[in-house]
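Structural description and commentary
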Amino acid sequence: MRLPHAQVALLEAADADDARRIDALADEAGLKPETATGAAFALEDEGLLALTEETVESATLTDEGRAYLDEGLPEVRFYRGAIDAGADDEPAEMGPVIGAAGLDGAAVDIALSNFARKGYGQIDSGAVSADPEADPDSDPEAAALAALADGESVADEDVLAQLDRRGLVEISETTVRSARLTDDGVTTLMAGVEVAETVGQVTPELLTSGEWRDVEFAEYNVEADADEVRTGKTHVLRRQAENVTDTLVGMGFQEMQGPTVDADFWINDCLFMPQDHPARNHWDRFALEQPAQIDELPAALVERVESAHREGVGPDGEGYHSPWDLDFAKALALRGHTTSLTARHLSGEALGELEPPQRFFSIEKVYRNDTLDATHLLEFFQIEGWVMAEELSVRDLMGTFTEFYEQFGISDIQFKPHYNPYTEPSFELFGRHPETGELIEIGNSGIFRPEMLEPLGVDCDVMAWGLALERLLMLVTGAEDIRDVHGTLVDLDFLRSEEVLY
Amino acid sequence: MPTVDIDPDELRELTGHGDKSDAELRDDLFSLGLEYEGETDEGHFELEFAPDRLDRLSVEGIARSLRYDYGDDRGVYVPSTNDAEWTIEVEDTPPERPYVTGAIVRGLDLDESSLDSLIQLQEKLHATMGRKRAKGAIGVHDLTMLKGGAANVTAAPPQDEAVDDLARPDADATGEGADADSATKTITYTGIDPDSEEFVPLEGDRAMTPAEVTDAHHIGVEYADLVAEMDRVPAIYDSIGLFSFPPVINGKRTEVDTGSRDLFIEMTGTDQWTIDHMLSIVCYALDARGGTVEEVAVEYADGAPGEYAGQSFLRPDLGTKTKTVAHDRIEAILGVDLDKREIGDLADRAGLDASETDTDGVYEFEIPPYRVDVLHPIDVIDDLGRAYGFNTLEPRYPDVSTVGGRHDRSKLERATRDVLVGLGFEDLLNFYMISEEANYERLQVTPGSDVVGGGDPVTIQEPYSEDYTMLRSWALPSVMLVLENNTHRSYPQDLAEIGLAAEVDESTNTNVAEHRTVAAAVARHDASYEDAKTRLQAIAANFDTELATPPIDHPTFIDGRTAAVELDGEAVGVVGEIDPAVLVEHDLEVPVAGFEFRLDALE
């Protein structure tokens with residue numbers, strides 16, 4: 001018969017007459033106890049071994065027990081202190097004895113109660129008298145502690161129980177298995193057993209030689225933790241951007257791209273933002289020092305935009321009563337929103353004239369000279385989207401956003417009428433946080449004003465919206481400080497451990 | 001967002017709804033678009049206002065909007081005005097600030113809170129329409145302290161013409177020559193040498209010249225910039241003398257307090273339309289307080305600077321304007337069917353008047369003068385939508401069919417990132433703004449040098465902090481910063497980033513060349529050139545591009561262990577072992593090998 005090595009060794013070590021403990025057999029067979037136990041069960045299944053189980057109490061020292069092992073039991077130390085103070089002759093004052101024994105705190109009470117219990121002497125009105133006959137060297141509790149520390153067992157159950165009560169040992173129950181050869185086992189052994197080869201690893205040689213058919217594969221502990229392996233991972237904010245991109249592409253949106261550094265003309269003037277609008281002042285925007293101006297703007301468009309600012313559009317239109325200056329429009333800045341890309345696309349500058357219907361989006365960075373804090377960054381990703389069609393209503397706008405946000409688990413969208421210089425009607429979007437249920441602002445939207453669209457040469461309706469990607473991420477993941485996510489202050493452990501979004 | 005403070009008790013009184021609870025008022029205000037931000041120490045509501053409705057910068061205007069919302073008021077209201085007794089003569093004004101307007105309001109009974117409200121309205125108008133007083137500044141005076149001399153009305157040119165000129169863009173102005181002639185008391189808006197005349201300014205205890213005010217008075221110092229460039233500064237006189245130095249400060253003589261019953265309001269500025277409309281908003285607010293508005297004649301002398309020399313007209317101009325809107329357009333934008341009666345009703349509730357025109361299905365809407373936000377018929381449609389209740393509209397997904405898709409660049413970027421991540425790189429996302437020190441100096445690169453990352457910096461005029469003064473010219477410095485900030489984390493640290501890099505390039509229209517760059521670093525106890533090159537090779541192979549790495553020098557890398565990244569024969573980047581001096585500069589105690597190249601080289 002061929003059996004795995006461990007089973008053969010165990011079988012050979014086992015006895016037909018006496019049931020022997022498996023740990024003893026393991027020791028003899030040179031096996032690890034857990035390997036031997038596994039082999040014993042396998043041999044029991046084969047009918048070659050009979051197993052029996054018993055529950056055995058074992059005691060281990062507690063920290064306190066170990067301490068007394070080194071220092072001596074408090075009552076013994078007290079007794080020796082008392083003898084030194086001559087208390088075997090006549091009663092001695094307790095205080096000096098305690099001091100001489102080096103006892104303090106709880107150890108004093110422990111010493112006193114056990115001193116009397118064990119008959120080492122008596123205490124009467126603060127005076128100690130010691131029994132000269134007592135023999136602290138043969139204290140059974142001290143002896144039991146020493147025995148346990150040496151791995152021996154303690155036969156006297158009363159002493160063990162006493163140590164347990166004193167909290168010096170911890171008593172636990174373990175199951176001990178013993179094995180005995182069955183008759184079949186004896187027969188099999190007599191007939192001879194061979195060790196079947198076990199292998200740790202499937203090798204190319206094993207496969208090509210066909211040897212794999214004859215070998216036993218060593219068992220693994222399949223539950224044990226494996227070594228850590230580190231994966232590369234897409235940044236969580238990028239992952240979020242990819243998810244939004246997937247959603248928008250699925251909804252029929254095409255992606256825009258365009259310059260980060262752009263003329264104020266494309267960033268603001270094309271959006272019918274008056275040049276003296278407070279948001280165009282230096283403290284909100286990142287104007288460039290070098291270079292300072294764009295070379296060329298489309299002359300005809302500039303003329304139409306200036307006219308819209310000055311005169312408005314349409315028969316009843318009114319312009320702004322604000323200055324308009326070409327140099328101001330040509331000044332370069334880091335874009336404060338990606339609506340500059342929208343302006344470039346609507347004007348035909350980016351891709352040529354666009355015919356309705358169209359849907360476009362971008363997820364690109366924008367730059368605001370705002371306060372840097374847990375929810376505001378100087379640069380962040382703006383999700384920009386717009387729809388161009390012959391005729392669009394605010395209901396279409398609401399329907400589009402409701403659909404979009406549903407994709408991210410944000411429902412119950414509310415539309416608060418709002419003001420933007422370049423959209424009318426305009427709405428701030430509020431949604432319920434999927435976790436907290438709180439109503440929070442999640443975007444800004446509207447239908448582009450005629451004063452924006454007419455100069456750009458668009459004669460149909462365009463609705464648009466913008467949202468910070470970081471805001472969406474915070475909503476989806478519950479992130480609290482966006483500075484931990486975006487930027488060079490990121491903690492690699494965060495990137496390594498952050499859950500993958502999908 | 002700017003805020004305005006209002007007393008809820010005043011709101012209850014002015015709306016006539018004494019029974020409304022604070023909570024109800026807050027809900028009603030939210031539906032107007034005025035968000036409750038909190039409570040002030042006095043228990044007033046702090047409301048965030050949308051910067052279009054400047055007529056709601058005070059409790060009076062907010063109460064008016066609520067009364068329309070509640071249906072207590074309907075349609076356009078224009079306060080009646082009494083004929084002018086006073087004239088503002090305009091001559092020799094500073095050309096930088098040529099315009100003035102004014103009104104008188106009589107019979108007021110101001111208490112502390114209504115006076116506070118007036119002051120707040122003045123401040124908020126300064127901050128918004130007035131562009132911090134540069135475009136328009138308001139002065140409010142106690143009329144009883146003013147003494148008018150005989151008006152020189154004979155110098156005034158024919159009035160009708162002047163009225164027409166100034167009527168843009170509104171249809172009708174209220175000015176009439178006969179009224180202007182009847183004004184007999186005169187105030188003069190002019191310009192003076194800043195050292196020539198003295199007056200006692202508000203919050204001052206002695207007579208000062210305008211120059212002394214801008215030099216030494218705490219309010220004067222704050223607004224000194226507005227008159228710093230002027231040879232002659234704005235000044236307003238009555239027959240007693242100088243009483244106001246706009247846009248800086250009024251005189252103490254005409255200071256308004258709770259005992260003031262009749263007010264003289266003047267506004268000066270750089271745009272007549274702007275100050276006239278600021279004035280309308282103030283007159284509506286004081287009318288709501290029970291005052292009676294009285295016109296003032298404004299007469300520009302023949303040689304006066306600005307557009308109106310030789311013209312005169314009556315102010316305030318409380319004339320309405322009109323916008324023509326087609327029925328179809330209203331239905332199209334709101335996405336609902338409406339009948340004529342409903343549109344009339346919505347207009348009434350928005351404080352507008354709708355009337356049908358000769359053309360079927362076209363309405364003319366009358367707009368009151370405080371509605372400075374209405375520029376186009378679309379604004380009227382928005383008003384109708386608000387009155388209808390936008391939130392009652394049923395969302396619908398638009399029946400518009402389009403084909404979606406990614407931009408080619410973003411497809412390439414995603415594919416490259418996938419390969420980097422497959423190679424085990426942790427993908428980074430850093431700021432594109434950086435400091436010159438981090439971008440160049442700490443990597444030993446000289447700005448304007450002909451190496452990867454050495455391009456001229458695109459710099460920001462007024463950076464938020466010294467850490468963000470330019471757009472990065474390459475991404476390796478950002479990756480090095482992440483390594484520097486994570487020296488306490490376990491190695492190996494294999495980091496990569498695909499993102500923006502930019503440099504000055506005068507051959508482009510914006511004078512900035514922007515491109516996407518791929519940067520990567522391998523940091524581990526035994527990192528070497530080989531580690532960078534092997535990964536670079538894998539990337540090149542995955543995109544079927546030919547990689548060559550001829551040796552070059554680059555100040556960031558160790559000489560002899562640095563190569564150009566050539567993809568399909570074009571030099572597009574650099575690969576090498578980072579110079580120990582750069583490592584030590586970044587507090588690193590392990591070697592780092594890295595590379596950076598243009599993303600578009602993989603196309």
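Reference entry: report on the structure contained in this document. Sequence order as written defines residue numbering, which begins from 1 separately in each chain. Going through the entries in the order they are written, you letter the chains from A and number the ligands from 1. Per-residue local features of the predicted model are confined to residues with pLDDT of at least 70, and side-chain atom pairs are confined, for both listing and counting, to 80 or more; whole-chain, interface and lining totals are unaffected and use all residues. Only hydrogens and water are set aside when side-chain values are computed; all heavy atoms of the structure are taken into account.

Let's talk about the overall build of chain A
From N to C terminus, chain A includes 20 helices and 20 strands. Its C-alpha radius of gyration of 43 Å places chain A more than 25% over the 23 Å reference for a compact globule of 502 residues. For chain A, the spread of C-alpha atoms along the three principal axes comes to 120 × 80 × 45 Å. Expressed as a percentage of the 502 residues in chain A, the buried residues total 52%. In what follows, a contact means two residues having at least one pair of non-hydrogen atoms within 4.5 Å. Within chain A, contacts between residues separated by at least 24 positions form 71% of all contacts whose residues are at least 6 apart in sequence. As displayed, chain A has an accessible area near 23,300 Å², and 45% of this comes from carbon and sulfur atoms. In this charge count, Lys and Arg are treated as positive and Asp and Glu as negative; neither His nor the chain ends contribute. The location of each charge is read from NZ of Lys, CZ of Arg, CG of Asp or CD of Glu. Averaged over its 35 positive side-chain charges, chain A has a centre that lies 6 Å from the centre of its 103 negative ones. A run of H or I in DSSP counts as a helix once it spans at least four residues, and a run of E counts as a strand once it spans at least two, with each numbered from the N terminus. Atoms counted for the radius of gyration: C-alpha only. Globule rule: 2.2 Å times the number of residues to the power 0.38. Note on exposure labels: buried denotes an accessible area under 20% of the residue type's maximum, exposed denotes more than 50%, and partly exposed covers the range between, all computed with a 1.4 Å probe on protein chains only. Using a 1.4 Å probe, accessible areas were evaluated by the Shrake-Rupley method; residue-level cover was limited to the displayed protein chains.

Observations concerning the nonpolar core
Judged by nonpolar contacts, the single largest core of 115 residues is most densely connected at Phe265, Leu346 and Tyr405 of chain A together with Ile330, Phe365 and Leu471 of chain B. With seven residues, the top contributor of residues to this core is strand β16 (residues 379–389) of chain A. Apart from the residues lying within four places of it in its own chain, the contact partners of Leu471 of chain B are Thr260, Val261, Leu334 and Tyr367 of chain A together with Tyr432, Met433, Ile434, Val458, Leu500 and Ala502 of chain B. Formed by 65 residues, the second largest nonpolar core is a distinct cluster that contains Leu29, Leu34, Trp273 and Cys283 of chain B. The definition of a nonpolar core used throughout is a set of buried Ala, Val, Leu, Ile, Met, Phe, Trp, Tyr and Cys residues joined through side-chain atoms within 4.5 Å.

Description of a negative patch on the surface
All names here are of chain B. What makes a patch is a set of residues exposed beyond 30% relative accessible area and free of salt bridges, joined within 9 Å when like-charged and within 5 Å when nonpolar (Val, Leu, Ile, Met, Phe, Trp, Tyr). What makes a salt bridge here is a side-chain nitrogen of Lys or Arg within 4 Å of a carboxyl oxygen of Asp or Glu, nothing more. The grouping of Glu13, Asp41, Glu42, Asp109, Asp111, Glu112, Asp116, Glu203, Glu255 and Asp257 at the surface amounts to a negative patch. Along the chain, Glu255 turns up in the loop between β11 (249–250) and β12 (263–269). For Glu255, a relative accessible area of 41% puts it in the partly exposed group.

Quick look at the pairing of strand β6 (residues 127–130) of chain A
Residues and elements named next belong to chain A. The alternating pattern of β6 places Val128 and Ala130 on a buried face and Ala127 and Ser129 on a face that is not buried. Strands pair, by our definition, only if DSSP identifies at least two bridges between them. Both strand β5 (residues 121–124) and β6 contribute to a ladder of four bridges, which runs antiparallel. Following the sheet pairing, Ile123 is matched in β6 by Val128. Two successive antiparallel strands, β5 and β6, enclose a turn made up of two residues, where Ser125 displays a positive phi of approximately 45°.

Quick word on the environment of Ser280 of chain B
Residues and elements named next belong to chain B. By the element assignment, Ser280 lies in helix α9 (residues 272–288). Ser280 sits in the buried class, given a relative accessible area of 1%. Spatially, the C-alpha atom of Ser280 lies 9.8 Å from that of Gly102, the residues being 178 residues apart in sequence. Not counting residues up to four positions away in its chain, the partners in contact with Ser280 are Asp317, Leu318 and Pro369.

Regarding a nonpolar patch on the surface
A cluster of nonpolar residues, Val202, Leu207, Trp212 and Phe217 of chain A, forms a patch on the protein surface that exposes about 380 Å² of accessible area. Among the secondary structure elements, Trp212 of chain A is positioned in the loop between α11 (204–209) and β10 (216–217).

Things to note about the packing of helix α12 (residues 236–250) of chain A against helix α19 (residues 469–477) of chain A
Residues and elements named next belong to chain A. Where α12 meets α19, the closest approach of the two axes is 10 Å, and the angle between their N-to-C directions is 100°. Between α12 and α19, the angle falls in the class roughly perpendicular. Across from Val236, Leu237, Gln240, Ala241 and Val244 in α12, the residues of α19 making contact are Leu469, Glu470, Leu472, Leu473 and Val476. Just so you know the grouping, Ala, Val, Leu, Ile, Met, Phe, Trp, Tyr, Cys and Pro go in nonpolar, Asp, Glu, Lys and Arg go in charged, and all remaining residues, Gly too, go in polar. The class makeup of the residues in the contact of α12 with α19 is eight nonpolar, one polar and one charged. Each axis is a line fitted through C-alpha atoms, taken for helices only over the stretch in contact, and angles between the N-to-C directions span 0 to 180 degrees. Reported orientations rely on four angle classes, namely roughly parallel under 35 degrees, roughly antiparallel over 145, roughly perpendicular from 65 to 115, and oblique for the rest.

Some thoughts on the interface of chain A and chain B
Of the residues lining the interface, 105 residues belong to chain A; the matching set on chain B comes to 98 residues. Counting each side, the surface lost to burial between chain A and chain B is near 8,800 Å², with a carbon and sulfur contribution of 53%. When residues of chain A are sorted by the area they lose upon contact with chain B, Glu318, His321 and Arg395 of chain A head the list and together hold 10% of the total. For Lys321 of chain B, the salt bridge is made with Glu318 of chain A, and the minimal N-O distance between the two is 2.9 Å. In protein, a polar contact means a hydrogen-donor-capable atom and an acceptor-capable atom, both N or O and within 3.5 Å, with residues adjacent in sequence counting only if both atoms are side-chain atoms; elsewhere, any N or O pair within 3.5 Å suffices. Counting across the interface, chain A meets chain B through 63 residue pairs in polar contact (both at pLDDT 80 or more). At eight residues, helix α17 (residues 394–406) of chain A tops the list of elements feeding residues into the side of chain A that touches chain B. Here the side of chain A that touches chain B is built from residues that sort into 43 nonpolar, 31 polar and 31 charged. Across two bridges, strand β13 (residues 286–290) of chain A lies against strand β20 (residues 458–460) of chain B in antiparallel orientation. Buried area: the accessible area, evaluated with a 1.4 Å probe, that two parts lose upon being put together, summed over both parts.

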